[in-house]
Amino acid sequence: MTAIRGSLTVLALVTMAAAFTACGESSGSDQASQGKQGGSITIAQTSQPDALDPAIAYTSNSWEPLWLVYTAPLTYRRAEGTEGAELIPGAAEALPTISKDGKTYSFKIRKGLKYSDGTPVKASDFEHSVKRVLNLESGGTYLFEGIDGATAYIESGDPDGDIEGIATDDKTGEVTVELTAPDGSFSNVLATNFAGLVPSNTPFSNQTKNPPPGVGPYKISKVVPNREFVMEKVDGFDIPDIPKGNIDTITTKIVQSPSRQAQDVIAGKLDYMQEPPPTDLAAEIKARYSDRYKEWPTLSVSYFFLNHDLPPFDDKEVREAVNVAIDSSAIARLFGGRLKGACSLVPEGIPGRAELDPCPYGDPDGPGDTAKAKQMVEEARATGEKVTVYTNNDSNRQEIGEYYTGLLNDIGLDAELRVVDGAVYSDTIGNQKTKAQTGIVNWYADFPHPATFIQQVDGSTIAETSNPNPSNVRDAEITDGVAELLPEPDLDTVADRWAALDQRVIEESHIAPFGSEELTTFLSDRMDFENCAIVHPLYGNDYSSFCLK
Amino acid sequence: MTRFVVSRLAQMLVVLFAVSVLTFLIFNVIPAGDPAARMAGKSPTPTQVEAIRAEWGFDEPLPVQYVKTMEQVLGGSAISYFTQLNVREEIVKGLPRTLSLAVGAAILWMTMGIALGLLGALRAGRISDRLITFVALAGVSLPVFWLGALMAYYLGFKAGWFPNGGYVPFTEDPLDWAYHLVLPCTALAILFIGFYSRVLRSSVLDTMSEDFVRTARAKGLSERQVLVRHVLRNSLIPIVTLWGLDFGAVVAGGAILTETVFDLQGVGQYAAESVGQLDVPPVLAVTLFGAFFIVVLNTVVDIVYAALDPRIRVTT
Amino acid sequence: MGQSPWRLALRRLRRDRVSLAFGALFVVLVLGALAAPLWASAVADRDPDRTNETGQIEVDGSKVDVVSLDGVPIGPQWRGEYFLGADSNGRDVMVRLLYGARNSLLIGLAAAFLTTLLATLVGLVAGYFGRWVDALARSTLDVIWAFPVILLGVALGTALAVGGLKIGPLELGAGSMTISVLVIAIVYVPYMARPIRGEVLALREREFVEAARAQGAGPLRMMAGELLPNLTSTIVVFAPLMVANAILLEAALSFLGVGVVPPDPSWGNMIDAGVERLVTAPHLAIAPGLMLVLTVLALNVFGDGVRDAFDPRSSAAWGTRRP
C-alpha cells in the first residue's frame, strides 16, 4: 500500500507464503474491551476514504474503519507488535484445513453468526463477497484470481455466474475453496478486508453511499460523502478474540486541514486524528501533550526509486552515488523527527530483512558523503545529466522532493523537481509513458511478509501502467529467487534466503532507501490514552480499543 | 422600458450561449491530449475511458460534443469519475455555505463601505479623509488568503476568540453558524470595504455638485435633509448595481480563497479541490454555473439600474 | 487652450508627496527584485533553491541548527545570512523573497502590459467603428466579464495543467509562466476596455476628430494618430491599478497551485507553504505577505495619486474589481 492519503494503490503481490499460522497463546491483557463503556467521539480524516465498500476499499483511510465493520473468515489478532501479525479465526470457526497438495482450503462459518442488521450469515455469502471483488475490478482482484474458475467468472461478465472453485453449503456452513495451484499465502488472503463477508443480496456496485451490513463490533450507520460517516457499536456482536469495542458512536469528519485537526485535538473539539499532526504543531504537542501522544514504528519503507531503463540511473555507480549521498537526518527533519534510517528494502519487524551492519553506504542515520558521491558521478561520466524528480503535494512529500533535487544537483547531476497532485501520483509514476527517472515511494506492508517489498524490484511484475516496480529492475537473481521462495508455506524456514535477496537489492543499489516513517496516536484529553490506545501493526490505531476516561 | 428589458434579455441569452461555448472550449478542446482520459482521472480501465468517450461524445463532431457536454452538466447527470459523486448534488450541498459567506460579507461591506465613504465625502480634502482613503486602499491591497489564514490562526486558535474554521449548518445551530462565519465574512469584506467606500465617496461628491442638490439647498432644506433625501439616494444607485455584480462574482467562485482558508466546504472550495485532483467535471460545472449566475445577475442589475435611472436606457 | 493636460497633471502629482513616496517605494521594490542575485551571492551567500536541512550557523558564539531535529527552521537573524530566517528546507527566506519578487513582478507587469495592449485595441476598435463591431466587442467583453476572475484562472490552469496548451500552431508546456501571464491578462481586459471604449465614444464627437476625417484620414490614421494620443491619460491612470491587480491575482493563483509551481518561488506559493507553519515559524507566511501588501499598496496609492492628478474631482469609479 502506498501513501496514507486517499489514493488508490495497486499491490504487486501475486502469492505469499502464510506468515504466522502458529496459534500462540492469546494474551488477554493486550486486547481491548477493558475500558469504560459507552460515550461518543468525533474523529477526523483528511480526505474522503477511497471507498466504504469492503470489496473495493484499499487505503489506510478506509481500512482503518472498515476492519471493524466487516470480518473476513480469518483475521489478525487485535494486539500490538508481532502478536498482531498472528492469524486467528474470524467469521470462521477455526483456521482452515488445508489439503496435502495445498490446493484446497476448507472452513466452516460459525453457527448463529448474524450481520449487524440481524440477518443470519450464510456460507454462500462468502462466494458472493468474492464475486463482488472480482466483478467490480477491485484492486484486490488479483488476490482471488488463484481460485479455480475465478478467471472464467470474470471473463463471462455475468455477475450472477458461478465460481467453480468455491463450494458452499448453507445448511452446514461449510465452505470449500479450490485453487488452481498451491498457494501457501492463501490464508492471508482469507484475512484481508476484501474477504469481509456481506449479505448475498448486496448489489454489484460501489456501495459507499450506503454500505451493506457486516459482521463486526461496529456498523456504519450514516454516510455523507465528503463530509462525514458514522459508526455505531453493534449489540450482540460476539466472536472470541475480537474485542467488542467500548465507544458507542464514532463520527468521522472529513477535515481537509491537518493543522486544524491538530488544533482541534489540542482544544478537545476533536478526539483523534488519523494523520500525524503537522510538523508545525508536533513540536508543541510533544512538549505539552506527551501524555496523550505517541509515535510508533511502522512496517513501511520510504525510498527513492531509480529507473533502470533510463540514464543516468541505468548505471550502477550513479545509483550507488545516490545512496552514499543521502542524509537521512536531513529528511528526518522534514518528518519532524519521525523517521528511522534504513539500509534495507524490507523494514524492521518483518522476517527476511537484510541486517547489513555496517551499511555499505555509511551509517543509515548519519550524514551522507556528497563529496565522495560527486566523485563517483564524475567517474561514471554522468555529470550534468538531466534528471526530473517526481514527488507529490501530500504533507511533507514536496519538501522531501526539494531536498532530493538539491542533493542530486550537489553531486553533479542537473535535477529539477516536478510536483504532481497526491491523488494522481501513483498512477503517474506507475505509467511507463511518464518516463519518470526517480521519485519518492512510501510502501506499507499489506501482509507481514517480505515478498510485498521484494516484489517491488522483481522483474516479473513490471507493467505498462500501475507498475509496481517503478525502478524497472530486471535482476535475474532476484526474479528467480522470488519465484522459488514464494510458494514456500513456512516463512521462518526461508527467512534467511529472503534476507539474502534483500541484501542483494542494497548491494546492487537497485533503490535508495532513506528510512521508515513513524506514525502517531494523538488523542483528546477525554480519551483514556493509557489503557485504551492499541496500535495494530497492519491496521494502525484500533478504534475498538478506544475508551473515554 | 419594455423594449429595453426585452433587448437586454435577448442579449443575456446570447451571452449565456457564448459563455457555455467558451467553457466547453476551455475544458474539452483547448488542452492537448485525450479529453476522455483526462476526465477519467486516475488508472481508468480502457472500458471506463470508452464509456466516458461515448457519454460525453468526444468522438463526435464539435457541435455534437457541445450538446452532449451541456446535457451532462445542465441535466445534472455529470459525475466526478474520481469521487463517484454527482457533481450537481455536491454543488447544491455547498451552495448554502457559499451563500452564507457571501451574504454575510456583503452586508458587512455594504454597511461599512457606505459609512466610510460618506464620512470621507463629508470631510473631503481634510486629513481624516486622506486617512480613510489610505485605510481603504490598504484594505484593497490585502490578499484575502493571507489575511484569512492569519486571522484564523491568531484570532481563532491562539486567542480562542473565534472558531479556527469550519462551518456549522444554520439548521443545526443558528448561533454557532453565525459564530463560525464572523472571521471568514470579515476577511472577505475587508477587501470590498475599501473599494466601496471609495466609490461611494466619489458618487456622493459628484451628486453633491449636481443642480438638483443646489436647488434643494436653495429651498431651505437642512444639510442633513439634503444629504439623506437627495444625495444619498442618488449616489446609492451605482453602488447598488456594483454590489449586485460583486455579489454575483463572489458567489460564483470569488469566494474560493476564503472558503479554502477557513475550510467552509462551499462551492468554491469544491472547485479548488477538484482543480488539484485534475478532476474536470466539477470544475467545468462550477465554472458554467458560476458564469451563468453572474450573467443573469448582471442582467437583473442592468434592468434595475435602468428602472432607477432613465438616462441609461437610451445609451445602451 | 491653456496648459496641456499632461503638464497640469505632472504639476499636481509633484505636489502630492504621499503618492510620490509610494511610487518611489514601488521603484525600490522593483530594484530590490532586480538585485536578487546580488543579495544572494554577496550578502547571504545562499541560492534560492539551495537546501540546507542539516546546516548550522553561529548565533551569539554558539552553533545553532538551521533546521532543528524536530523540523523547526530558525527565525529572522537580521544580518547577512538568513536575514529573514530559513524555511523548512533550510533555504534563505530573504533570498527566496527577492527571487519570488522577480517572478511575481515579472508576471504582474507582463500581464498588465498585455491587458493594456488588448484593452486599448478592443476599446479603440469598438468605439471607433461602432455598430456591429461594437456589439461584438461588447458581447465578448461581457462573456469574459462573466467569469469570476479566480475561477477562470483556476479553470484554465486545470485544463492546461496536464498536457499544456495546443491551439493550432501555439503550443505551451504545462505550468509555464506564459500561461499565467495569458490568463491574468485576458481576465482583466474588460476592466480596462470598457472605460477606453467610453472615452473613444466621447472623443469621436469632438471637433478635431471631425476635422481629421474631413481631411480624408483613413481609420488607421484616425485611431492611431488622433484618438490614441488622447487616450494615453486614461491608460496612464489605469496602468498602476492593472499591475496591482495582476500581482494579486498571480499570488492567488500560485496559492491555489495553478500559478508559479514550486520550487520556483513566488509570493503566492511562499504564503501557501508558510500558513502551514504559523505556530513555529510565522516569518514564513508574514514576510511574503507583507511584501505583497506593500507592493500592491504602493501601486494603489500611487495610482490613486495619478488619477487625482489628472482629474482632482474624478468621479470615475475605480476600474478595479476584487475577486
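Residues numbered from 1 in each chain as written. Chains lettered and ligands numbered in written order. Predicted model: local features only at pLDDT ≥ 70, side-chain atom pairs only at ≥ 80, totals over all residues. Heavy atoms only, no water.

Considering the sheet that holds strand 8 (residues 218-224) of chain A
Residue and element names in this part refer to chain A.
Move 1: If you trace the 5 strands from one edge of the open sheet to the other, you get 8-9-10-1-11, paired in mixed fashion. The outermost strands of the open sheet, each flanked by one partner alone, are strand 8 and strand 11 (272-273).
Move 2: Bridging between strand 1 (residues 40-45) and strand 10 (residues 249-254) involves 6 bridges; their strand directions are parallel. Along strand 10, the bridge assignment pairs Ile-43 with Thr-252. (Pairing = 2+ DSSP bridges. Helix = DSSP H or I, 4+ residues; strand = E, 2+ residues; numbered from the N terminus.)

A look at the side chain of A:Thr279
Move 1: Within the secondary structure, A:Thr279 is located in helix 7 (residues 279-288).
Move 2: For A:Thr279, a relative accessible area of 12% translates into the label buried.
Move 3: Apart from the residues within four sequence positions on either side, A:Thr279 is in contact with A:Arg333, A:Leu334, A:Gly336, C:Asp70, C:Gly71 and C:Arg277. (Buried < 20%, exposed > 50% of the residue type's maximum accessible area, 1.4 Å probe, protein only. Contact = heavy atoms within 4.5 Å.)

What to know about the state of the cysteines
Residue and element names in this part refer to chain A.
Move 1: This model, assessed by the stated rule, comprises 2 disulfides over all chains.
Move 2: At a sulfur-sulfur separation of 1.9 Å, the disulfide partner of Cys-343 is Cys-359. The sign of the 75° torsion about the S-S bond sets the Cys-343-Cys-359 disulfide as right-handed. Of this pair, Cys-343 sits in the loop between strand 14 (339-340) and helix 10 (370-379) while Cys-359 sits in the loop between strand 14 and helix 10, and the two are 16 residues apart along the sequence. Residues Cys-343 and Cys-359 agree in their burial class; the two are buried.
Move 3: Note that Cys-532 is cross-linked by a disulfide to Cys-547, the S-S spacing being 1.9 Å. Around the S-S axis, the bridge from Cys-532 to Cys-547 shows a dihedral of about 80° and counts as right-handed. Note that Cys-532 is positioned in the loop between strand 18 (511-522) and strand 19 (535-536) and Cys-547 in the segment after strand 20 (540-541), a separation of 15 residues in sequence. With respect to class, Cys-532 is no different from Cys-547; both count as buried. (Disulfide = S-S within 2.5 Å.)

As for the confidence of the model for chain C
Residues and elements named next belong to chain C.
Move 1: On average, chain C scores 81 in pLDDT, and the residues at 70 or more come to 89%.
Move 2: pLDDT under 50 marks residues 315-323. Its contacts with residues more than four places away, or in other chains, come to 35 contacts.
Move 3: The ipTM assigned to the predicted complex is 0.83, against a pTM of 0.83. (pLDDT = per-residue confidence, 0-100.)

A closer look at the nonpolar core
Looking at soluble globular proteins, one finds that nonpolar side chains tend to be buried together.
Move 1: B:Val19, B:Trp109, B:Phe145 and C:Ile150 are the most contacted members of the largest nonpolar core, which has 189 residues in total.
Move 2: In terms of residues, this core owes the most to one element, helix 9 (residues 219-255) of chain C, which gives 17 residues.
Move 3: Setting aside anything within four residues of it in sequence, one finds B:Phe145 in contact with B:Leu257, B:Val261, C:Ala251, C:Ala252, C:Phe255 and C:Ile271.
Move 4: Judged by nonpolar contacts, the second largest core, of 145 residues, contains A:Val130, A:Val234, A:Ala332 and A:Tyr543. (Core = buried A, V, L, I, M, F, W, Y, C linked by side-chain atoms within 4.5 Å.)

Looking at the sheet that holds strand 7 (residues 174-178) of chain A
All names here are of chain A.
Move 1: Reading across the sheet, the 4 strands line up as 4-5-7-6 and stay open at both edges, with antiparallel pairing between neighbours. Each edge of the open sheet carries a strand with a single partner, namely strand 4 (97-98) and strand 6 (166-169).
Move 2: Strand direction decides the pairing type here: strand 4 and strand 5 (residues 104-108), joined by 2 bridges, are antiparallel. Opposite Ile-98, over in strand 5, you have Tyr-105 as the bridge partner.

Regarding unusual backbone geometry
Move 1: That bond from A:Pro311 to A:Pro312 is cis: its omega, -5°, falls within 30 degrees of zero.
Move 2: If you trace the backbone, A:Pro312 turns up in the loop between strand 13 (300-306) and helix 8 (316-325).
Move 3: In this model, A:Asp357 is joined to A:Pro358 through a cis peptide bond whose omega is 10°.
Move 4: Residue position: A:Pro358 is located in the loop between strand 14 and helix 10.
Move 5: If you check the backbone angles, A:Asn472 has positive phi at about 50° while not being a glycine.
Move 6: One can find A:Asn472 in the loop between helix 13 (451-454) and helix 14 (476-485).
Move 7: If you check the backbone angles, B:Gln265 has positive phi at about 55° while not being a glycine.

Concerning the environment of B:Gly268
Move 1: Inspection of the secondary structure assignment puts B:Gly268 in helix 12 (residues 267-276).
Move 2: Once the C-alpha coordinates of B:Gly268 and B:Lys93 are considered, the two residues, 175 residues apart in sequence, prove to be 12 Å apart.

Some remarks on the interface of chain C and chain A
Move 1: Taken together, the 22 residues of chain C in the interface contact 23 residues of chain A.
Move 2: Between chain C and chain A, the buried area comes to about 1,800 Å², and carbon and sulfur atoms account for 46% of it.
Move 3: One can count 5 salt bridges joining chain C with chain A.
Move 4: C:Arg91 serves as the salt-bridge partner of A:Glu402, at 2.5 Å between the closest nitrogen and oxygen.
Move 5: Inspection of the region where chain C meets chain A yields 12 residue pairs in polar contact (both at pLDDT 80 or more). (Buried area = accessible area lost by both parts, 1.4 Å probe. Salt bridge = Lys/Arg side-chain N within 4 Å of Asp/Glu carboxyl O. Polar contact = N/O pair within 3.5 Å; in protein donor to acceptor, adjacent residues only side chain to side chain.)

Regarding the packing of helix 3 (residues 36-44) of chain C against helix 4 (residues 93-129) of chain C
Residue and element names in this part refer to chain C.
Move 1: At a minimum axis distance of 9 Å, the contact between helix 3 and helix 4 shows a crossing angle of 170°. Considering the angle they form, helix 3 stands roughly antiparallel to helix 4. At the point where helix 3 passes helix 4, the crossing takes the left-handed sense. Contact residues: Ala-36, Pro-37, Trp-39, Ala-40 and Ala-44 in helix 3; Met-94, Val-95, Leu-98, Tyr-99 and Arg-102 in helix 4.
Move 2: Considering only residue class, the contact of helix 3 with helix 4 consists of 9 nonpolar, no polar and 1 charged. (Axes fitted to C-alpha atoms, helices over the stretch in contact; angles between N-to-C directions. Parallel < 35°, antiparallel > 145°, perpendicular 65-115°, else oblique. Left-handed = near helix turned anticlockwise from the far one by under 90°. Nonpolar A, V, L, I, M, F, W, Y, C, P; charged D, E, K, R; others polar.)

Observations concerning the pairing of strand 17 (residues 438-444) of chain A
All names here are of chain A.
Move 1: In terms of burial, strand 17 is largely enclosed, as 7 of its 7 residues are buried.
Move 2: Here strand 17 shows two buried faces, one formed by Thr-438, Ile-440, Asn-442 and Tyr-444 and the other by Gly-439, Val-441 and Trp-443.
Move 3: In this structure, strand 13 lies alongside strand 17, joined through 7 bridges in antiparallel fashion. Of the residues in strand 17, the one forming a bridge with Ser-302 is Asn-442.
Move 4: In this structure, strand 15 (residues 386-392) lies alongside strand 17, joined through 2 bridges in parallel fashion. What sits directly across from Val-389, in strand 17, is Thr-438.

Digging into the packing of aromatic side chains
For any pair of aromatic rings, geometry is given as the distance between the ring centres together with the angle between the planes.
Move 1: Tallied over the full model, the rule gives 29 aromatic pairs over all chains.
Move 2: Judged by centre distance (3.6 Å) and plane angle (5°), the ring pair of A:Phe304 and A:Tyr404 falls under stacked. Linking A:Phe304 in strand 13 with A:Tyr404 in helix 11 (residues 397-410), this pair joins segments that are 100 residues apart in sequence.
Move 3: Residue classification places A:Phe304 among the buried residues on the basis of a relative accessible area of 0%.
Move 4: Residues B:Phe145 and C:Phe255 carry aromatic rings whose centres are separated by 4.3 Å and whose planes lie at 25° to one another, so their mutual orientation is stacked. Here B:Phe145, found in helix 7 (residues 144-158), pairs with C:Phe255, found in helix 9, and the two come from separate chains. Of the two residues, B:Phe145 and C:Phe255, neither departs from the other in class, the shared state being buried. (Phe/Tyr/Trp six-rings, centres within 6.5 Å; stacked < 30°, edge-to-face > 60°.)

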